[in-house]
Amino acid sequence: MDHHSRSLLNTFSAQPLDRAAHQRKDKRWLAEQEEHPNARFLVLNNHNIVTDKNRPLILSQAQRQQIDIASTPGLLGLSVENAQAYPVYKINSQQPDIELAPLLKAGEFADTQQFDAVPLRKLAPHLDNTMASMCAYASVLNHWHETTRFCTRCGTGLQQKEGGLIQQCNSEDCRHIEFPRINSAVIMRITHSDKILLARQDTWPERRFSVLAGFVEVGETLESAVQREVYEEVKIRVENIQYQSSQPWPFPNSLMLGYSAEAINTDFELEQDDIAEALWLTADELRKKILGGCIIPPSNLSISYQLINDWFAVQTGQMLSEYQPSSAWQD
Ligand SMILES: [Zn+2]
């Protein structure tokens, strides 16, 4: 399986929209899209996705025009359906109860219905990967728009450009362009012979184990970050570092870069105040510990699940999900 196919197995990795990179530079085209009769508007509430009957609330153009939301819509891209392209936006509602109330009054939705604002982490397991991915993309963009309001050079306010994928300083003397921040993190499956290294962070509840991970620092390669993080966390040296797959991780704005590596030494020393426990396990030992309730593996929302599962499948011919407890953890 190639890396692209591997990445597509990760949650949030589908790309259902054409981002229209060239068209979105054209102001007239952008203005036309915002008035497009078939435009769709995915509604967010800061970090949360606004839902209607446990599904993300997506408004039509006619519905959007009934409500008054101050924030500028961000153009996610174009969706193509029956050979017709229509634009998909995200909009942010600070107060869904108040701002979306006209939709209830207009009879578009049942009077008794409540719109909920649900954290994506809680909602995503109930969505197909196409919808989960679109919500993740919208969530990262929304987080950036809501938290980056001023120019980092001169402090003047920013204005969205190109449908919101960039923001530009309003000062005539500055015009600095801001790009969305993406925090790169490496996450790595460390093995030695037929064993895998799983660890529990200090902040995690008892029995929750996963692979090691950490943020990439300024001036280092991804492979150096893998080596450094593993050594910092467990004092193990690694070699044969291989890229596996990637995953946008919208909590709030990371890109996870998944690697495998082989340990040179197996004796470990845990980093204080970060790693509480670590274990070398064969696939059979892991299976027994999961069945015995001693280890709760990561949920399949995270690339960590795929990294462990790929190894587990090679070792046993079985999927880790066959041993997944019903209440898998979500971090
Ligand atoms: Zn500026």
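What you are looking at is a predicted structure, and each value in this text was computed from that prediction instead of being measured. (Residues numbered from 1 in each chain as written. Predicted model: local features only at pLDDT ≥ 70, side-chain atom pairs only at ≥ 80, totals over all residues. Heavy atoms only, no water.)

(A) The arrangement of the overall build of the protein chain in detail. Per the secondary structure count, the protein chain includes ten helices and 16 strands. Overall size of the protein chain, expressed as C-alpha extent along the three principal axes, is 60 × 50 × 40 Å. Partitioning the contacts of the protein chain with sequence separation of at least 6, the portion at a separation of at least 24 is 66%. Taken as a whole, the protein chain presents about 16600 Å² of accessible surface, with 47% of it coming from carbon and sulfur. (Helix = DSSP H or I, 4+ residues; strand = E, 2+ residues; numbered from the N terminus. Contact = heavy atoms within 4.5 Å. Areas by Shrake-Rupley, 256 points an atom, 1.4 Å probe, with all protein chains shown as cover.)

(B) Representation of the sheet that holds strand β8 (residues 158-161) within the structure. In spatial order, the strands read β8-β9-β10; together these three strands make up an open sheet with antiparallel pairing. On the outer flanks of this sheet lie β8 and β10 (177-178), each paired with one strand and no other. For strand β9 (residues 166-169) and β10, the ladder comprises two bridges, and the chain directions are antiparallel. Looking at β10, one finds that Q167 is bridged to E178. (Pairing = 2+ DSSP bridges.)

(C) Structural view of the nonpolar core. With 44 residues, the main nonpolar core has F12, L76, L198 and L286 as its most contacted residues. No other element matches the nine residues that helix α7 (residues 129-147) contributes to this core. Counting the residues that make up this core, at least three belong to each of domain 1 (3-146) and domain 3 (183-323). Setting aside chain neighbours within four positions, we find F12 in contact with L120, A124, N129, A132, S133, A136, Q247, P248, W249, P250, F251 and L301. (Core = buried A, V, L, I, M, F, W, Y, C linked by side-chain atoms within 4.5 Å. Buried < 20%, exposed > 50% of the residue type's maximum accessible area, 1.4 Å probe, protein only. Domains from an automatic or database assignment.)

(D) A look at the coordination of the zinc ion. On the protein side, the zinc ion has C151 (SG), C154 (SG), C169 (SG) and C174 (SG) as donor atoms, found 2.3 to 2.4 Å from it. For the zinc ion, the four donor atoms in the first shell make angles of 98 to 115 degrees at the metal, a pattern classed as tetrahedral. In the primary structure, the donors to the zinc ion are separated according to the pattern C-x2-C-x14-C-x4-C. Separated by 20 residues along the polypeptide, C154 in the loop between α7 and β8 and C174 in the loop between β9 and β10 bring together distant segments of the chain. Look at C174 and you get partly exposed, because its relative accessible area is 23%. (Donors = N, O, S within 2.8 Å, 3.2 Å for Na, K, Ca; no water. Tetrahedral: all angles 85-135°; square planar, octahedral: opposite > 155°, others 65-115°.)

(E) Looking closely at the domain arrangement of the protein chain. Partitioning the protein chain into structural domains gives domain 1 (3-146), domain 2 (148-180) and domain 3 (183-323). One C-alpha centre belongs to domain 1, the other to domain 3; they are set 33 Å apart. Tallying the contact residues gives 16 residues for domain 1 and 16 residues for domain 3. Taken together, the two surfaces of domain 1 and domain 3 that pack against each other cover about 1500 Å², and 59% of this comes from carbon and sulfur. For the domain 1 face of the interface with domain 3, the top three residues by lost area are N10, F12 and R121, together amounting to 36%. Joining domain 1 to domain 3, the criterion identifies one salt bridge. Across the pair D310 and R6 runs a salt bridge whose closest N-O atoms are separated by 3.1 Å. (Buried area = accessible area lost by both parts, 1.4 Å probe. Salt bridge = Lys/Arg side-chain N within 4 Å of Asp/Glu carboxyl O.)

(F) Focus on the packing of aromatic side chains. Evaluated as defined, the whole model comprises seven aromatic pairs. An aromatic cluster is present here, built from F12, W249 and F251 joined pairwise through their rings. Across from the ring centre of Y137, 3.9 Å away, lies the NZ or CZ of R19, which sits over that ring. For the cation-ring pair, R237 lies above Y231, with the distance from its terminal atom to the ring centre recorded as 3.7 Å. (Phe/Tyr/Trp six-rings, centres within 6.5 Å; stacked < 30°, edge-to-face > 60°. Lys NZ or Arg CZ within 6 Å of the ring centre and 35° of its normal.)

(G) Fine view of the pattern of salt bridges. If you walk through the whole model with that rule in mind, you get eleven salt bridges. Two residues, R200 and E206, come together in a salt bridge whose shortest N-O distance is 3.6 Å. Overall, the relative accessible area of 7% leaves R200 in the buried class.

(H) Seen up close, helix α8 (residues 222-234). In a regular helix each residue adds 1.5 Å, so 13 residues correspond to 18 Å; α8 covers 18 Å between its end C-alpha atoms and thus fits that length. Restricting attention to buried positions, one finds in α8 the residues A225, V226, R228, E229, V230, E233 and V234. As for α8, its buried residues are in contact with β11 (183-192), β12 (195-201), β13 (212-215), β14 (238-249), β15 (254-263) and β16 (275-282). After α8 finishes, the residue K235 shows a positive phi value of roughly 55 degrees. (Expected span 1.5 Å × (residues − 1).)

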